[in-house]
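Architecture at a glance
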Amino acid sequence: MKRNYKHILFPFVLCGLMAAQTSAAPGIVKGRITDTQGKPVAQVVVTDGRNFTTTDGTGHYRMESDAERQPLVYISTPSAYKLPATDGIADRFYQFQKADSQENTCNFTLEPRETPTRRFVYIAISDPQVKTDAHLDRFRKETVPDLKCTVDSFKGQEVVGMAVGDLVWDAMNLVEPYKECVSHLGLTMFQAIGNHDFNLKYADMERTAVPESGYGEADYHKAFGPTDYSFNIGQVHVVTMKDIDYQGGKKYKEAFTPAQLAWLKKDLSYVPKGSLVFLNLHAPTSNTTAEGSGNTSNTSELLDILKDYQVHIFAGHTHFYENAQPAANIYEHNIGAACGAWWAGHVNRCGAPNGYLIVEVDDKNVKWHYKATGKPSDYQFRTYKPGEFKSQPKQVVANIWDWDPDWKVEWFEDGKPKGPMQPFEDEDQDFITMKNGKAEGYHTRHLFRAQPSTSARTITVKATNRFHENYTQQIYKPDKNEHLSKNHCYSLSLPRRTKHPGTDSSHRPSRLLESRRFGTKLIGLFKKSGRSESLRE
């Protein structure tokens, strides 16, 4: 994951390295795809991470492939078939080629779905990032049981999990224990590769002259399969990609290679324009806080490829929570890390709790909520009473981690409406306290404040999300005759969920992916509030 300091990234020249690579003439990979009854499955997309083909009417395919440089051959599972898995881990959609063979045969079997999938649950998890047995123990005892309870709460619906990278923290010996942790959870678990999932000894495949001697993704390939792949479920085309250009020894750049972008363009050529696409990455593309630190360097090229689709991007890497809308058709969720701030405690750098994102999909309609580990599902923000948030001593402060400009944040004093709370940027107090009072400099934009009168007894904060669901928290201030232990009492009401206007699938995506961009709206919000660092009290 990205630390709160910038990585020093060394310049690289791929041309010289690629020239030094000795590449044999392309070989051939062929095979047949059938269902569990032995019937051929036509028009299945097959790729080796560079080349593509589809099966013919008899289920056969054949394509050129350099087995040394493209060690895996895999399929994009069609939505009419179940997602292949072993013990709950996505599997059997890929096979390894024999590097020393000029002709490989890779056959696949698909199990038909009994009925088409209309509704399913998608859980995005960022940065478990286990480095030690202690980290793994916390992940196993905190995150995993919480995740299992969430999956069980959606009984009757299919659940797909996606860990968006940094599964481990440079600890290749913990890859298999991590895999065991996320097995048998009642979902189909997929993974993306993060910068800490490469073997430190090696550069990635693209930079490796002799793959036989070792390459950075080898451990990941062995455990989870390809790094750039896709599958289909319901009305959604799901794509996962590596966006870490890894040079070895912890040196990397957040970027896609030209070959990867070409792969994505070809993969999407099989998907009708206007379709709903989920893109899973490790590093985000479009953050505006931290001066965009951690974003992919060639985001504009990516967005151009995605321009004809309705897209949700799921990413991690930063250990803070930020939503962005870089284009009218694209919404990016840079979600809080499962490990928070590297297992230092219970929150991320922005104050968002350790947790994961729950996405509910109904046809082409998408709704999401962040799930804090160990907290009820309606815990969607944290309030600070006056005096708790050190830079705002007289203010009530709310940290609303899944905030975007379509949220409405208002407050009430003794039951009387006082209007919207004022957005501001600052470092979260809960994070500073967790770090023993040491600020580290990251300022989040999902903070809001209001200054109550000295006579106020009850302060209520009400946050309403884009799905018209209300969340409230209340701070109670005792009078002088009451016991001091009542000085800080919270009551958390369950959300009142109001059906979003216009649930017809032809209208909902356009409401979720609106034409206005976050950047413009954010600037307007902060100008309206008069926000500046000098506003600190």
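Description of the structure in this document. (Residues numbered from 1 in each chain as written. Predicted model: local features only at pLDDT ≥ 70, side-chain atom pairs only at ≥ 80, totals over all residues. Heavy atoms only, no water.)

1. Here we look at helix α6 (residues 299–306)
By the burial criterion, the buried members of α6 are Thr 299, Leu 302, Leu 303, Ile 305 and Leu 306. An end-on view of α6 places all buried positions within 160 degrees of arc, on one side of the element. In this structure, the buried side of α6 is in contact with α5 (258–268), β18 (276–280), β19 (310–315), β20 (322–327) and β21 (330–334). (Buried < 20%, exposed > 50% of the residue type's maximum accessible area, 1.4 Å probe, protein only. Helix = DSSP H or I, 4+ residues; strand = E, 2+ residues; numbered from the N terminus. Arc of directions from axis to C-beta. Contact = heavy atoms within 4.5 Å.)

2. Remarks on the sheet that holds strand β24 (residues 382–384)
Taking strand neighbours across the sheet as the criterion, the four strands line up as β24-β25-β29-β28 in an open arrangement whose pairing is antiparallel. Sheet topology places β24 and β28 (422–426) at the edges, where each strand pairs with a single neighbour. If you compare each strand with its neighbour and ignore which way they point, the axes differ by 35 degrees on average. In terms of strand pairing, β28 meets strand β29 (residues 444–450) through four bridges, oriented antiparallel. Bridge pairing links Phe 424 to Leu 447 in β29. (Pairing = 2+ DSSP bridges. Axes fitted to C-alpha atoms, helices over the stretch in contact; angles between N-to-C directions.)

3. Observations concerning the pairing of strand β12 (residues 158–164)
Where burial is concerned, most of β12 is hidden: six out of the seven residues are buried. Note that strand β11 (residues 119–125) and β12 share six bridges and pair parallel. Bridge pairing in β12 links Ile 125 to Ala 163. Taken together, β11, helix α2 (residues 133–153) and β12 form a β-α-β motif whose crossover is right-handed. (Right-handed = clockwise from strand over helix to strand, strands pointing away.)

4. Overview of the pattern of salt bridges
It is possible for side chains bearing opposite charge to pair when their charged atoms get close. Using the criterion set out here, one finds 21 salt bridges in the structure. Between Lys 82 and Glu 111 there is a salt bridge, with the nearest N and O atoms lying 3.1 Å from each other. Linking Lys 82 in the loop between β5 (72–76) and β6 (85–86) with Glu 111 in the loop between β10 (108–110) and β11, this pair joins segments that are 29 residues apart in sequence. Accessibility expressed as a relative area gives 34% for Lys 82, which makes it partly exposed. Given the relative accessible area of 39%, Glu 111 is considered partly exposed. Note that Arg 207 is salt-bridged to Asp 245, the shortest N-O span being 3.1 Å. One end of the pair, Arg 207, is in the loop between β13 (188–192) and α4 (218–224); the other, Asp 245, is in strand β16 (residues 244–248), and 38 residues separate them in sequence. Residues participating in the shared-partner salt-bridge network are Asp 137, Arg 140 and Lys 141. (Salt bridge = Lys/Arg side-chain N within 4 Å of Asp/Glu carboxyl O.)

5. Focus on the sheet that holds strand β14 (residues 229–233)
Spatially, the six strands line up as an open sheet ordered β14-β15-β18-β19-β21-β20, and their pairing is mixed. Every other strand in the sheet has two partners, leaving β14 and β20 as the edge strands with one partner each. Sheet twist, expressed as the average angle between the axes of neighbouring strands with direction ignored, equals 20 degrees. Alignment of strand β15 (residues 236–240) against β18, held across five bridges, turns out to be parallel. Bridge pairing in β18 places Val 236 opposite Leu 276. The strands touched by α5 are β14, β15 and β18; relative to β15, the strand with the most contacts, the crossing angle is about 165 degrees.

6. Let's talk about unusual backbone geometry
For Asp 166, which is not glycine, the phi dihedral falls at a positive 55 degrees. By the element assignment, Asp 166 lies in the loop between β12 and α3 (175–181). The buried category is assigned to Asp 166, whose relative accessible area is 0%.

7. Re the packing of aromatic side chains
A ring pair, where both rings are aromatic, is described by two values, the distance of the centres and the angle of the planes. Summed over all chains, the structure comprises 24 aromatic pairs. Between Tyr 321 and Tyr 370, the aromatic rings sit 5.0 Å apart at their centres with planes inclined by 85 degrees, giving edge-to-face as the arrangement. Of the two residues, Tyr 321 is situated in the loop between β19 and β20 and Tyr 370 in strand β23 (residues 365–372); the sequence distance between them amounts to 49 residues. Across the pair, Tyr 370 and Tyr 321 agree in class, each one buried. Among the aromatic residues, those joined into a ring-pair cluster are Phe 93, Tyr 94, Phe 96, Phe 190, Tyr 229 and Phe 231. The lysine or arginine in question, Lys 375, covers the ring of Tyr 379, its NZ or CZ lying 5.1 Å from the ring centre. (Phe/Tyr/Trp six-rings, centres within 6.5 Å; stacked < 30°, edge-to-face > 60°. Lys NZ or Arg CZ within 6 Å of the ring centre and 35° of its normal.)

8. Details of the packing of α5 against α6
At their nearest, the axes of α5 and α6 sit 10 Å apart, and the two run at 10 degrees to each other. Put simply, α5 runs roughly parallel to α6. Taking contact as the criterion, the partners of Leu 261, Leu 264, Lys 265 and Leu 268 in α5 are, on α6, Glu 301, Leu 302, Ile 305 and Leu 306. When grouped by side-chain class, the residues that make up the contact of α5 with α6 number six nonpolar, no polar and two charged. (Parallel < 35°, antiparallel > 145°, perpendicular 65-115°, else oblique. Nonpolar A, V, L, I, M, F, W, Y, C, P; charged D, E, K, R; others polar.)

9. Some details on the environment of Val 73
Within the secondary structure layout, Val 73 lies in strand β5. On the accessibility criterion, Val 73 (0% relative accessible area) is buried. In sequence terms Val 73 and Asp 48 are 25 residues apart; their C-alpha atoms lie 4.4 Å from each other.

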